[in-house]
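What follows is each chain in one-letter form.
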Amino acid sequence: MAGGTNIPSIEAVCDGVRSRQSSAVELVERSLARIASLEPKLNCLHETLKEHALDRAARIDAAIARGEHVGSLAGVPIVVKDNIATSYGTTTCGSRILENFRSPYDATAIERLEREGAIVVGKANCDEFAMGSSTENSAWGPTRNPWDTSRVPGGSSGGSAAAVAAGYAPAALGSDTGGSIRQPAAHCGVVGVKPSYGRVSRYGLVAFGSSLDQIGPFAHSVRDAALVLQAIAGFDPRDSTTAEIDVPDYLAEIDRPVEGLRIGLPRRFTSPDNDPAVNKAVLDAADEYARLGATIVEDIDLPLTDHGISTYYVIAPAEASSNLARFDGIRYGHRAELAPDEDLFDLYARSRAEGFGPEVQRRIMLGTYVLSSGYYDAYYKRALQVRRLIKQEFDAAFAKCHAILGPTAPTPAFPLGGKADPLSMYLCDVYTVNANIAGICALSLPGGFAEVEDQLLPIGIQLQCRAFDEPTLFRVARMFEAAHLQDRLACPVA
Ligand code: GLN
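I will try to describe carefully the structure that is included in this document.

1. Observations concerning the sheet that holds strand E3 (residues 119-124)
Each strand in a sheet pairs with its neighbour through backbone hydrogen bonds, running either in the same direction (parallel) or in the opposite one (antiparallel). Taken in spatial order, the eleven strands of this open sheet run E1-E3-E2-E4-E6-E5-E10-E11-E9-E7-E8, and their pairing is mixed. Two strands lie at the open edges of the sheet, namely strand E1 (45-48) and strand E8 (295-297), each paired on one side alone. For this sheet, the mean angle separating the axes of adjacent strands, direction not counted, is 30 degrees. Bridging between strand E4 (residues 171-176) and strand E6 (residues 214-219) involves six bridges; their strand directions are antiparallel. Across the sheet, Asp176 pairs through a bridge with Gln214, a residue of E6. Lying over the sheet, helix H7 (residues 222-232) contacts E4, strand E5 (191-194), E6 and strand E10 (441-452), oriented at roughly 145 degrees with respect to E6.

2. Notes on the site of the ligand
With respect to spatial proximity, 15 residues lie near the ligand, and among them Thr177, Gly178, Ser180, Tyr312 and Arg363 are the closest. A distance of 2.9 Å is found between a nitrogen atom of the ligand and a side-chain nitrogen or oxygen belonging to Ser133. At 3.3 Å, a backbone N or O of Gly179 approaches an oxygen atom of the ligand. Here the ligand has 290 Å² of accessible area as a free molecule, and 100% of this is covered by the chains. Looking at the shell around the ligand residue by residue, the class counts come to five nonpolar, seven polar and three charged.

3. Points about the pattern of salt bridges
Applying the stated rule across the entire model yields 27 salt bridges. Note that Glu342 is salt-bridged to Arg350, the shortest N-O span being 2.6 Å. By relative accessible area, which is 23% here, Glu342 ends up partly exposed. In this structure, a network of salt bridges that share partners links the residues Glu11, Arg223, Asp255, Arg478 and Glu481.

4. Concerning helix H4 (residues 108-115)
The buried count for H4 comes to six of eight residues, which makes it a mostly enclosed element. When we look at burial in H4, the residues that qualify are Thr108, Ala109, Ile110, Arg112, Leu113 and Glu114. Where H4 is buried, its residues contact helix H3 (50-65), strand E2 (77-81), E3, E4, E6 and H7. With its phi angle positive at about 95 degrees, Gly117 sits one or two positions after the end of H4.

5. Re the side chain of Asp328
Along the chain, Asp328 falls in the loop between helix H9 (308-323) and helix H10 (344-355). What makes Asp328 buried here is its relative accessible area of 11%. Of the polar contacts made by the side chain of Asp328, one reaches the backbone nitrogen of Ile330; its length is 2.9 Å. A distance of 3.1 Å separates a polar atom in the side chain of Asp328 from the backbone nitrogen of Arg331. In this structure Asp328 touches Leu347, Tyr348 and Ser351, once residues within four positions along its chain are discounted.

6. Concerning the packing of H9 against helix H12 (residues 376-398)
Here H9 crosses H12 at 125 degrees, and the two axes come no closer than 9 Å. Viewed along their axes, H9 and H12 adopt a mutual orientation that is oblique. Of the two elements, H9 crosses H12, and the hand of that crossing is left-handed. Listed contacts from H12 to Gly308, Thr311, Val314, Ile315, Ala318 and Glu319 of H9 are Tyr379, Tyr380, Ala383, Leu384, Val386, Arg387 and Ile390. Tallied by class, the residues present in the contact of H9 with H12 amount to nine nonpolar, two polar and two charged.

7. Digging into a nonpolar patch on the surface
On the surface, Ile330, Leu344, Phe345 and Tyr348 cluster together into a nonpolar patch covering about 390 Å² of accessible area. As for its position among the elements, Tyr348 is in helix H10. With relative accessibility at 30%, the residue Tyr348 sits in the partly exposed group.

8. What about the packing of aromatic side chains?
For the structure on display, the rule yields 17 aromatic pairs. On the basis of an interplanar angle of 70 degrees and a centroid distance of 5.8 Å, the ring pair of Phe129 and Phe356 is categorised as edge-to-face. With a gap of 227 residues between them, Phe129 in the loop between E3 and helix H5 (158-165) and Phe356 in the loop between H10 and helix H11 (358-371) connect regions that are remote in the sequence. Note on accessibility: Phe129 and Phe356 belong to one class, buried. Between Tyr312 and Tyr313, the ring centres sit 4.7 Å apart and the planes meet at 80 degrees, which makes this aromatic pair edge-to-face. There is no split in this pair, since Tyr312 and Tyr313 are both buried. Three or more aromatic residues link up through ring pairs in this structure, and these residues are Phe101, Phe129, Phe327, Tyr332 and Phe356. Here Lys419 stacks its cationic end above the ring of Phe414, 4.9 Å away from the centre of that ring.

Conventions we followed
Residues numbered from 1 in each chain as written. Predicted model: local features only at pLDDT ≥ 70, side-chain atom pairs only at ≥ 80, totals over all residues. Heavy atoms only, no water. Pairing = 2+ DSSP bridges. Helix = DSSP H or I, 4+ residues; strand = E, 2+ residues; numbered from the N terminus. Axes fitted to C-alpha atoms, helices over the stretch in contact; angles between N-to-C directions. Contact = heavy atoms within 4.5 Å. Near = heavy atom within 4 Å. Polar contact = N/O pair within 3.5 Å; in protein donor to acceptor, adjacent residues only side chain to side chain. Areas by Shrake-Rupley, 256 points an atom, 1.4 Å probe, with all protein chains shown as cover. Nonpolar A, V, L, I, M, F, W, Y, C, P; charged D, E, K, R; others polar. Salt bridge = Lys/Arg side-chain N within 4 Å of Asp/Glu carboxyl O. Buried < 20%, exposed > 50% of the residue type's maximum accessible area, 1.4 Å probe, protein only. Parallel < 35°, antiparallel > 145°, perpendicular 65-115°, else oblique. Left-handed = near helix turned anticlockwise from the far one by under 90°. Patch = residues over 30% accessible without salt bridge, like charges linked within 9 Å, V, L, I, M, F, W, Y side chains within 5 Å. Phe/Tyr/Trp six-rings, centres within 6.5 Å; stacked < 30°, edge-to-face > 60°. Lys NZ or Arg CZ within 6 Å of the ring centre and 35° of its normal.

Honestly, it's all geometry; don't read function into it.
This is the structure:
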């Protein structure tokens, strides 16, 4: 079992398919039925890939019947964020500018999932070009949180997180540039992993902030998430930023007790500005780790992480302004109608003004500003310097501990429309951006609940480990999860 709820693990699901006690077609049909019944309420998906999924499922069942080898994810339905290219269906990044865009190829992560037998059942709604923390910036309308449909699921991978929480599929892919996997995982009560920079190929991921972006999994349990990461991780000749470092077996040591491990607990992460339930979840988790035999290390400070938000909101828009220059109304997507006296410049300007939503336009303007001559040194160069210092601070912290514990987000899920000014939205990422800035790995796992207006809302706790130390990250997370399975609640929409 993956939780105190009766959700079977991915390994159990695959065993069932391989031993023909169930079938890939049955799993896909169940997933499609769930999508059909809940989509009108939740809007997790931009597109359901019904025919594609049923066709692939039938092929997998036929391969099993012929006794052929099928992979570690045989028959498992997967939901994929709509900024990850699939050669079937559309890849719109939640943007009008890419309405109806069809990718001619599959992302490497998709190819690898499919090599293991996974079946993509839908493309998940997201904030436009992954810019946002609530999934309200999608051109296709907001996704709603399955725990409370008046609230956001977090973002930008909100559709992926909510889809897993609502039982559309046992796992999903998202992308995380500053928290977009971990923060929605926290708000939807699921596990979400941002792998180390260079661990997963971004070939086929529509670029946002190229020095920050990573693709990663959502799942119900740490073990399931590790299994999905295992499938997608590793060097890819088509993405020169992937590391040529062997991928360890993530499940080999996942159940090894945490006894003897040192877990850092920086005091500043349990700030009085956080919701009290968030701080309680983090401190309870620290007590739990101490009980499980880990040593809690409190003399870790990380003061420069206070500058994470300002650093991130210079670097990410700068990179975005460059990456999004390709959407010019000519090569891709939406093209404006021109009046006879308008020229090529009008075509670019009008296509971009019509195709991009307000948050994306704001980021492009911020990004071009911080890169412009005269401001480059004051903002962009300075942000890169602070980035280096933050990275050094994490290196020093990891000399004292194996993992750092803290909150994923300062509050539980907030109401739709609750953060109208951009700055209050940006501050949702205060605990997540630093892992991207430093290139380390991090995950969010369910750590408890907040009681808000007679409702229980999930709280995520975050663990961070040094770059490429995903085995320790999973092991530490797994121990907490194992001790807390009985506390998990089924998502009420389920
Ligand atoms: N919320 C952050 C932003 O808006 C992070 C987004 C992400 O990780 N893709 O930039």
